Each structure stands twice: as structure tokens, then as C-alpha cells.
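Geometric and topological summary
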Amino acid sequence: GGALVEVRQSGDTPRLRWRAGGFGSVEPQIMDVGYVSGVKKFGGYFALEGHGAQRSVVGYINVRNGDLTERSVLSFTNYIPVQQSVFIYQAAEVDLTGPGGEGSGGLTYFFVHARVAPVTRADIQATYHRGRSIDARSITDDLLNGRPVPAKTLDGFLYESVGARLTVEVARGFRLFAGYGQDKNDRDADAMDRLSFGVYTSNLFGTGIDVNVTDYRYQRGSASSYDSWYVSAGRSFGSRLYLSGEYTTSLSVLRHARDDGFVVESRPQTDRFGASANIYLSRTFSLLVVADYTRDEGVKETRLLSGLSVRF
């Protein structure tokens, strides 16, 4: 629903190469054919790129909804390979104004991921993730229609997560991992401790079976705790078929509530059993078939999904 123009440095060079672009567009509707009335977007970006996938990008986007600026955002993305065994990835968004001109802007999203491999068979990964979620479209629509906007809606939902994980390859294709993190899902809530450990192998005892077992243990103070498991196994049969199965436990489920959204429902425990098949019909077509069964104390649900991929 728009157009993009890009210019870039020509020729090969050992130094960083630059490229820049600008764009403008309208917004397609999500659930129907056509475009959202009164919404227009424009922006641009500048990028520096080097060897080893090194890239630093700064971008800007402005979303207009009628006579109001729905969002005015600066974005930053950096991928920095310090050396072959070390890399840092970072992404951030900064709102220059509040949604529809109401409230305040500021840091909306920040994520950084660093990886260090001190020896050949071990690596350490650390992440920090912080942000807020504001429904700028609904706020702007309310302002355009003269409806009041609560201050809490402008503040948004705050989350913060920090953690690290150690992975060790104890044998060829056999990896053990363990991690620790802290999650904060509300501005006024206490941080929740998260321990994880598990094993992954791509060829269990020479059988060709891929196995992943992970246990997540959550602890909030001394009052509540939860243990969540993820187990999966899969195997190729010839060159055209891959079958897999999985089992997971969780505390919440995502449900379709109405035509324009979803809700997250908390449960004492939700169990999910799933199976999938990837069928490679030819070099061009592949078929995915998924079936899963979910159960908890109040709901039992069976879902079937199929999809066709086309490779040009």
C-alpha cells in the first residue's frame, strides 16, 4: 500500500557502506480487503553496513490519522560483531510525542542481546528487554470522536526482563543449557525469578530423532511458584517428510474474543499436546499439517491447521 525509494553507496569497499531511503503509504485493513480510511504513513531511514552482517540503522516513521499524529517514532537497530565469537544486537523505539498528541513520548521499547563464546563448545547469552504497550490507534480514534482518554491508557503496560543462559555442547549434537532471569510484568508488581534448564540433541543416540526438553521454574517471593515444561521430538523420514510431536504446560491461554482482538486468560494449569507434519511435495510446494489438543480445568479444545508454502 505504498512506495519506497532507496539510494545506496555503489561498489565494494572495506569501510562501512551506507544506504538511505524514504517511503510513504496507506494502511491495508487486517480483516478485509481495502485500506483504513484517513490513515497515512511516511518516513525514512539511514543505514551503515559492514562485513560479518554488521549493521546500524536509524529510522523515522510518522503515522497520521485524520488531523492527528497517531505516532511519531524514531527507531534504532544495531548488530555489532565484535569478533567471531562475540556479537551484540540492539533495537529500540522512541516516541517523539504521545499518541494523538496526548500524554508524553519517551522510550517505548528497548532490547539488547549479547552472545559470547569463550570456548568452542560453550556460549553465554544475555538479554535485557524493557518496554510499554500503548494502543495508539484506539486512543487516536477516541480523540477524533470526542471521547475521553483515561490517563492509565496513555501510560501503557510496563514490562521488564533481564536474564542470561549458558549452553554447553557435551558431545557432538548434544547440548545442555541453564539460565536465570527476572521478569516484571507490571509497574507496581514485584520482579519474578525465572530458572530454566534443559537438553537439546539433533540425533539422539544415532536414531535421527531431534529432542528438546526444557523446564521453566517461576518464583514470585515466597507466596507463589510455578513449574512449566516443554518437550518436543521430531524425525525425518526420507527427504520428503518430517514428523514432530510436543507437550507444553502453561499458566495462560490466548483466545479469540471478538472480530477485532484476543484476550489472555489465566488458568491454574493448561496442558497442550501437539503434532505436526512437514511434507515436501516437490522443490516448489510443501505442505504443513498441525493438530493440537489443549485442556485445563474449564476448557477442552482441539485445533487443526494446514498450510501450503510455495518456493519460487
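Anything mentioned here points back to the structure above.
Quick look at the structure, then. Because the structure is predicted, anything quoted here is derived from the model rather than measured.

The rules behind these values
Residues numbered from 1 in each chain as written. Predicted model: local features only at pLDDT ≥ 70, side-chain atom pairs only at ≥ 80, totals over all residues. Heavy atoms only, no water. Salt bridge = Lys/Arg side-chain N within 4 Å of Asp/Glu carboxyl O. Helix = DSSP H or I, 4+ residues; strand = E, 2+ residues; numbered from the N terminus. Buried < 20%, exposed > 50% of the residue type's maximum accessible area, 1.4 Å probe, protein only. Phe/Tyr/Trp six-rings, centres within 6.5 Å; stacked < 30°, edge-to-face > 60°. Lys NZ or Arg CZ within 6 Å of the ring centre and 35° of its normal.

A separate point is the pattern of salt bridges. In total, this model carries 20 salt bridges according to the counting rule given. A salt bridge links Asp 183 to Arg 194; its shortest N-O distance comes to 2.7 Å. Of the two residues, Asp 183 is situated in strand 10 (residues 174–184) and Arg 194 in strand 11 (residues 192–201); the sequence distance between them amounts to 11 residues. The exposure class assigned to Arg 194 is buried, which follows from its relative accessible area of 19%. Ionic pairing is found between Asp 227 and Arg 217, a salt bridge with its closest N-O pair at 3.6 Å. Of this pair, Asp 227 sits in strand 13 (residues 224–237) while Arg 217 is found in strand 12 (residues 209–220), placing the two residues 10 residues apart along the sequence. On the accessibility criterion, Asp 227 (27% relative accessible area) is partly exposed. What emerges from the salt-bridge pattern is a single network uniting Glu 6, Arg 8, Arg 19, Glu 49 and Arg 55.

This paragraph deals with the packing of aromatic side chains. Any two aromatic rings considered together are summarised by their centre-to-centre distance and by the angle between their planes. What the rule picks out here adds up to four aromatic pairs. The interplanar angle of 55° and the centroid separation of 6.2 Å between the aromatic rings of Phe 110 and Tyr 128 together place this pair among those described as tilted. You can see Phe 110 sitting in strand 7 (residues 106–119) and its partner Tyr 128 sitting in strand 8 (residues 122–133), a full 18 residues away along the chain. We classify Phe 110 as partly exposed; its relative accessible area is 26%. Taking the relative accessible area as the measure of exposure, Tyr 128 reaches 26% and is therefore partly exposed. Relative to Phe 273, the ring of Tyr 247 lies with its centre 5.0 Å away and its plane at 40°, an arrangement referred to as tilted. Taken together, the positions of Tyr 247 in strand 14 (residues 241–258) and Phe 273 in strand 15 (residues 261–280) put the pair 26 residues apart, joining distant regions of the chain. We note Arg 165 situated over the ring of Phe 177; from NZ or CZ to the ring centre the distance is 5.3 Å. Residue placement shows Arg 235 over the ring face of Phe 237; its charged tip is 5.2 Å from the ring centre.

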